Amino acid sequence: MKKIIQEIKASIILTTKDCLSHSALLFEISLGAIIYSIVSIYLYKDQSSTNSVFYMLLGAGAMGVWESTLLGGAWTLRDEKEQGLLEYYLCAPSNMLSIIFGKCFVYTIIGLIVILEIFLIIYFSFDLSAIYVNYYKLIAAFFLLLFSFSITGFLLSFGFLLARSFLNISNFLSDSIKLFCGVLFPITVLPYGFRALSVILPPTWGVEIMRTTLINRSESYISFGGAALMIILLTFLYLCIALSLYKVIETKIRQKGELSKF
Amino acid sequence: MQYAVEIENLTRHYVSGKGIFDKKRETVTAVNNVSFNVKKGEAVGLLGPNGAGKTTLIKMLTTILIPSSGKANILGMDVVKDAGKIRRRINVVYGGDKGLYTRLTARDNLKYFCNLYHVPEKLQQSKIEELLSLVGLNHAADRRVENFSRGMRQKLHIARGLINDPEILFLDEPTIGMDPVSSLAIRGLVKRLNEKGMTIFLTTHYMQEAEEICDRVAFINKGSIILLDNIEKIKIKYRKSFNVDLIVPSEHKVKAESLKNKYKNLKIDDSNEDFILLNINTIDISDTLKDITSVFDNIEITDLNVRTSSLEDAYIQIVQNS
């Protein structure tokens, strides 16, 4: 356990330093969410219902967070593959899961900053005194949203370890998650087949829990507690799958020998 | 005797897709039925042309790749089953400038790998200083790696490769693309590590590098080991002749030409006014040296140089014939 903590801590420190040295990347992640939010406000500013604006705004924020966590969990691994670092990781006696987890953690924190930006935009653009906001629930919702996104990013990162063509798949998944997880519209409008896919994706509940804290409950299809339970159950399930699959994946990587190909 | 590396019938195939949707499968054998052992503390070189299977073999021995068949043991442990245990006791250095966090400093890179190799926190600082000093990078410890030259990056790679005090260090073309001065420094460093008892497993294209560092070399071509022996034995075995270069004052040209009676292949270069250059290719060197001393008796020979077959000559001969 001590060794795992040492590996995760090292990965967090290194990823933080590496992130800070990529100022353009941070700017892109941070600015993306602000732009999505401002565009949403202007598109829906004439809407009579504040809830509709919130709905879009939170969706836009979630898109920003998703880009951040996906970047952290998966795209940085692709860069490291190109840099030949993954082979050095595999040669080391450390667990690659710890390294990936450390990376996801850092980008989740960046995601937290993004979502705080969104909240500040909401705070200064709307009169929140008109609606009741439970700030404890709101903070819990922030963390559950990030947790759900980062675990999904964590699982996606395995794809980059296994397949060199995973960038195309991840781009597809990134767009699909925006569609299937209720980021832009409620999943209830999706056909039944797609809705089944939505309910097994943790980000669906991550986005929904944010909305239940700020939007009139009658417009949400699940309660705060229900969404929180779904996130916890699904992320726990995904985490178990990830941990149990890792040994199989490592063997597959060593059999395929494509860790240096990209 | 426990060997550092034991390889028995090791084979590795790569399967890749071809055609639409990769439906056709193509199998390439990168390493084919390779067997040999490396003693503890020995320095062994693996020489071969591009695509011969050198890197694939190193990747199997360093647990990155699983062999398709055969067996390999590192320090008595199986590369497939005991990968985790092996990784603690070995390290690998690849040539080229990849494998480092270029936006971070040399110290940051080493600290990170210290943690991945579970070096205790309290020992890390002194370990990093020791390694930076060993490779001569103390002055650049806090500079970003992106500002390093190729040679400096390679030195940092070697420092990273020594972070866990490995019992075996695998080096895959460690001086590729480096200038002669930096290469010399790297070779000197590897030689010193070997003298201290570290087992060295080196792949290289450079014969001089193998001659300087290694006790034994293996020639690999098309995935198979075609020769494995002591360097001197290989040179003797594949030596066909000696080349004698001789420089004498130009007034002795007539005497020099008298050697032509016995040595039909004698080459005389009289383009210089003051000296003539002679070249004789001979099989019996002692006989030739006697002839030279008898012809130029009491004459000051300006220069005499005898060249034997180099490892490179042997390598070219063996690889071309394989």
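Calculation rules
Residues numbered from 1 in each chain as written. Chains lettered and ligands numbered in written order. Predicted model: local features only at pLDDT ≥ 70, side-chain atom pairs only at ≥ 80, totals over all residues. Heavy atoms only, no water. Helix = DSSP H or I, 4+ residues; strand = E, 2+ residues; numbered from the N terminus. Expected span 1.5 Å × (residues − 1). Buried < 20%, exposed > 50% of the residue type's maximum accessible area, 1.4 Å probe, protein only. Arc of directions from axis to C-beta. Contact = heavy atoms within 4.5 Å. Polar contact = N/O pair within 3.5 Å; in protein donor to acceptor, adjacent residues only side chain to side chain. Pairing = 2+ DSSP bridges. Axes fitted to C-alpha atoms, helices over the stretch in contact; angles between N-to-C directions. Buried area = accessible area lost by both parts, 1.4 Å probe. Nonpolar A, V, L, I, M, F, W, Y, C, P; charged D, E, K, R; others polar. Phe/Tyr/Trp six-rings, centres within 6.5 Å; stacked < 30°, edge-to-face > 60°. Lys NZ or Arg CZ within 6 Å of the ring centre and 35° of its normal. pLDDT = per-residue confidence, 0-100.

K.L.:
Could you clarify how one ought to interpret helix α6 (residues 180–195) of chain B in this entry?
P.N.:
Residues separated by three or four positions in an α-helix point in the same direction, a consequence of the helix having 3.6 residues per turn. Residues and elements named next belong to chain B. Along its 16 residues, α6 runs 22 Å from first to last C-alpha, staying within 8% of the 22 Å computed at 1.5 Å per residue. Taken as a whole, α6 has its buried residues at Ser182, Ser183, Ile186, Arg187, Leu189, Val190, Leu193 and Asn194. The buried residues of α6 occupy one face: seen down the axis, they fall within an arc of 160 degrees. For α6, the exposed residues lying more than 90 degrees away from the buried face are Pro180, Val181 and Glu195. On its buried side, α6 packs onto β3 (43–47), α4 (121–134), α5 (150–161), β7 (168–172), β8 (199–204) and α7 (207–213). Among the residues of α6, the N-terminal cap falls to Asp179, whose side-chain oxygen and the backbone nitrogen of Val181 are separated by 3.0 Å. Directly after α6, the chain includes Gly197, whose backbone phi takes a positive value near 110 degrees.

K.L.:
Is there a simple way to think about the pairing of β3(B) in this case?
P.N.:
A regular strand carries its side chains on alternate faces of the sheet. Residue and element names in this part refer to chain B. Of all 5 residues in β3, 5 are buried; the element is thus mostly enclosed. Side chains Ala43, Gly45 and Leu47 project from β3 onto one buried face, and the interleaved Val44 and Leu46 project onto a second face that is buried too. Examined bridge by bridge, β3 and β8 share 5 bridges and lie parallel to one another. Residue pairing in the sheet places Ala43 in a bridge with Ile200 of β8. Where β3 and strand β9 (residues 216–221) come together, 4 bridges link them in parallel fashion. Bridging from a neighbouring strand, Gly45 pairs with Val217 of β9.

K.L.:
I tried to follow the sheet that holds strand β11 (residues 242–249) of chain B on my own but got confused; where do I start?
P.N.:
Sheets are built from strands paired through backbone hydrogen bonds, the pairs being either parallel or antiparallel. Residue and element names in this part refer to chain B. The sheet built from 4 strands is open, its strands ordered β12-β13-β11-β14 with antiparallel pairing. The sheet is open, and its two borders are formed by β12 (267–269) and β14 (303–307), each paired with just one other strand. Sheet twist, expressed as the average angle between the axes of neighbouring strands with direction ignored, equals 15 degrees. With 5 bridges joining them, β11 and β14 adopt antiparallel strand pairing. Its bridge partner lying in β14, Val244 is registered against Val306.

K.L.:
For this particular structure, what's the right way to read the interface of chain A and chain B?
P.N.:
When the parts of a complex come together, some accessible area is lost, and that lost area is often taken as the interface size. Tallying the contact residues gives 34 residues for chain A and 37 residues for chain B. Carbon and sulfur atoms supply 57% of the area buried between chain A and chain B, which totals about 3,200 Å² over both sides. Summed over the three residues of chain A that lose the most area to chain B, namely Tyr88(A), Pro93(A) and Arg254(A), the buried surface amounts to 26% of that side. Only α1 (2–21), α3 (50–82), α4 (85–91), α5 (96–125) and α10 (224–256) of chain A provide two or more residues apiece to the side of chain A that touches chain B. The biggest single contributor to the side of chain A that touches chain B is α1(A), with 10 residues. Counted by class, the side of chain A that touches chain B contains 11 nonpolar, 11 polar and 12 charged residues.

K.L.:
Looking at this model, I keep getting lost on the packing of aromatic side chains. Mind explaining?
P.N.:
Think of a pair of aromatic rings as described by two things: how far the centres are apart, and how the planes are tilted against each other in angle. Taken as a whole, this structure holds 7 aromatic pairs over all chains when the rule is applied. Three or more aromatic residues joined by ring pairs make a cluster, and in this case those are Tyr88(A), Tyr89(A), Tyr94(B), Tyr101(B), Tyr112(B) and Phe113(B). The ring of Tyr192(A) is capped by Arg195(A), whose NZ or CZ atom sits 4.4 Å from the centre of that ring.

K.L.:
How should I be thinking about the confidence of the model for chain B in this particular structure?
P.N.:
Close inspection of predicted coordinates is inappropriate for parts of the model with low pLDDT. Of all residues in chain B, 98% attain a pLDDT of 70 or more, and the chain-wide mean is 88. Scored by ipTM, the complex comes to 0.80, with pTM at 0.80.

K.L.:
Could you clarify how one ought to interpret helix α1 (residues 54–61) of chain B in this entry?
P.N.:
Most of α1(B) is tucked away, with 7 of its 8 residues classed as buried. Of the positions making up α1(B), those classed as buried are Lys54(B), Thr56(B), Leu57(B), Ile58(B), Lys59(B), Met60(B) and Leu61(B).

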